[in-house]
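So the chains spell out like this:
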Amino acid sequence: MVVDGLVLARLRIRLVQKIDLPDLEWEGEFSHFRNLYADAYRGMERGEAVMWLAELPEQRAIGQAFVSLASNRPELADGVQRAYVYGFRVRPQYQDMGIGTRIMEAIEEDLARRGYNYVTLNVARENFGAC
């Protein structure tokens with residue numbers, strides 16, 4: 001495996017583009033979320049969501065996270081101060097290298113620029129490392 005610092009030095013975190021949507025399925029592992037990804041992208045086009053992608057030059061999507069800025073559940077995302085982060089994942093072979101931290105830092109910086117003060121992070125019950 002590549003030394004963590006080298007991975008982080010080559011890591012690029014950017015907003016998802018429409019052409020990236022198939023890459024979010026990770027070679028079919030998450031194809032059952034195809035409609036969710038399309039809905040999130042439409043929300044991004046409306047300014048209600050932000051989708052983030054972490055990538056390396058030789059490996060396309062190695063991490064992703066979605067942010068709901070406004071939803072019909074204001075206790076999660078109210079469009080003003082509170083945002084909701086979900087769909088946050090890093091490919092297993094790239095976990096514990098600081099990639100998730102870098103994605104979260106990008107999200108937090110973006111939300112601060114937008115004036116958001118609170119964020120709720122959706123975490124799977126079995127993901128003890130995220131607690």
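Everything discussed here concerns the structure shown above.
What you see is a predicted model; the values in this text were computed from it and never measured. (Residues numbered from 1 in each chain as written. Predicted model: local features only at pLDDT ≥ 70, side-chain atom pairs only at ≥ 80, totals over all residues. Heavy atoms only, no water.)

Quick look at the overall build of the protein now. Helix and strand content of the protein: three helices and five strands. Counted from the first residue to the last, the protein has its helices and strands arranged as α-β-α-β-β-β-α-β. For a compact globule of 131 residues, the expected C-alpha radius of gyration is about 14 Å, and the protein comes in at 14 Å, within 12% of that figure. Taking the principal axes of the C-alpha coordinates as reference, the protein spans close to 40 × 30 × 25 Å. A buried classification covers 41% of the 131 residues belonging to the protein. A separation threshold of at least 6 residues defines the contact pool for the protein, and within that pool the share at least 24 residues apart is 58%. When the accessible area of the protein is evaluated, it comes to approximately 7800 Å², of which 49% is carbon and sulfur surface. Both charge centroids of the protein, one from 16 positive and one from 19 negative side chains, sit 3 Å from each other. (Helix = DSSP H or I, 4+ residues; strand = E, 2+ residues; numbered from the N terminus. Rg over C-alpha atoms; globule rule 2.2 N^0.38 Å. Buried < 20%, exposed > 50% of the residue type's maximum accessible area, 1.4 Å probe, protein only. Contact = heavy atoms within 4.5 Å. Areas by Shrake-Rupley, 256 points an atom, 1.4 Å probe, with all protein chains shown as cover. Lys, Arg positive; Asp, Glu negative; His and termini not counted. Charge placed at Lys NZ, Arg CZ, Asp CG, Glu CD.)

Here Trp 26 shows up in the loop between β1 (12-15) and α2 (34-45). Once the C-alpha coordinates of Trp 26 and Met 51 are considered, the two residues, 25 residues apart in sequence, prove to be 15 Å apart. With near-sequence residues (within four places) excluded, Trp 26 lies in contact with Ala 61, Ile 62, Gly 63, Gln 64, Arg 89, Val 90 and Arg 91. Reaching out from Trp 26, the side chain makes a polar contact with the side chain of Gln 64 at a distance of 3.1 Å. (Polar contact = N/O pair within 3.5 Å; in protein donor to acceptor, adjacent residues only side chain to side chain.)

As a further point, take the packing of aromatic side chains. As enumerated under the stated definition, the model contains six aromatic pairs in all. Ring centres of Trp 26 and Phe 30 lie 5.4 Å apart, and the angle between their planes is 75°; this geometry places the pair in the edge-to-face category. Accessibility assignment for this pair places Trp 26 and Phe 30 in one class, buried. Connected via pairs of aromatic rings, a cluster forms that spans Trp 26, Phe 30, Phe 33, Tyr 37, Phe 66, Tyr 84 and Tyr 86. In this structure, Arg 89 is placed above the aromatic ring of Phe 30, and the distance from its NZ or CZ to the ring centre is 3.9 Å. (Phe/Tyr/Trp six-rings, centres within 6.5 Å; stacked < 30°, edge-to-face > 60°. Lys NZ or Arg CZ within 6 Å of the ring centre and 35° of its normal.)

A few words on the nonpolar core. Generally speaking, nonpolar side chains in soluble globular proteins are found buried as a group. Core analysis: the largest hydrophobic core is formed by 23 residues, its most contacted members being Val 67, Tyr 94, Ile 99 and Ile 107. When contributions to this core are tallied by element, the ones reaching two or more residues are α1 (4-10), β2 (49-56), β3 (59-68), β4 (82-90) and α3 (99-114). Ranked by the residues each element gives to this core, the list is headed by α3, at six residues. Non-local contacts of Tyr 94, meaning those with residues more than four positions away in its chain, are made with Val 7, Leu 56, Gln 59, Ile 62 and Ile 99. (Core = buried A, V, L, I, M, F, W, Y, C linked by side-chain atoms within 4.5 Å.)

Bringing α3 into the picture now. The end-to-end C-alpha separation of α3 is 23 Å, in line with the 22 Å expected for 16 residues at 1.5 Å each. Every buried residue belonging to α3 is among Ile 99, Ile 103, Met 104, Ala 106, Ile 107, Asp 110 and Leu 111, and all of these are buried. Projection of α3 onto a plane perpendicular to its axis shows the buried side chains occupying an angular sector of 155°, all on one side. The outward face of α3, more than 90 degrees from its buried face, is lined by the exposed residues Ala 112 and Arg 113. Phi turns positive, to about 90°, at Gly 115, one or two residues after α3. (Expected span 1.5 Å × (residues − 1). Arc of directions from axis to C-beta.)

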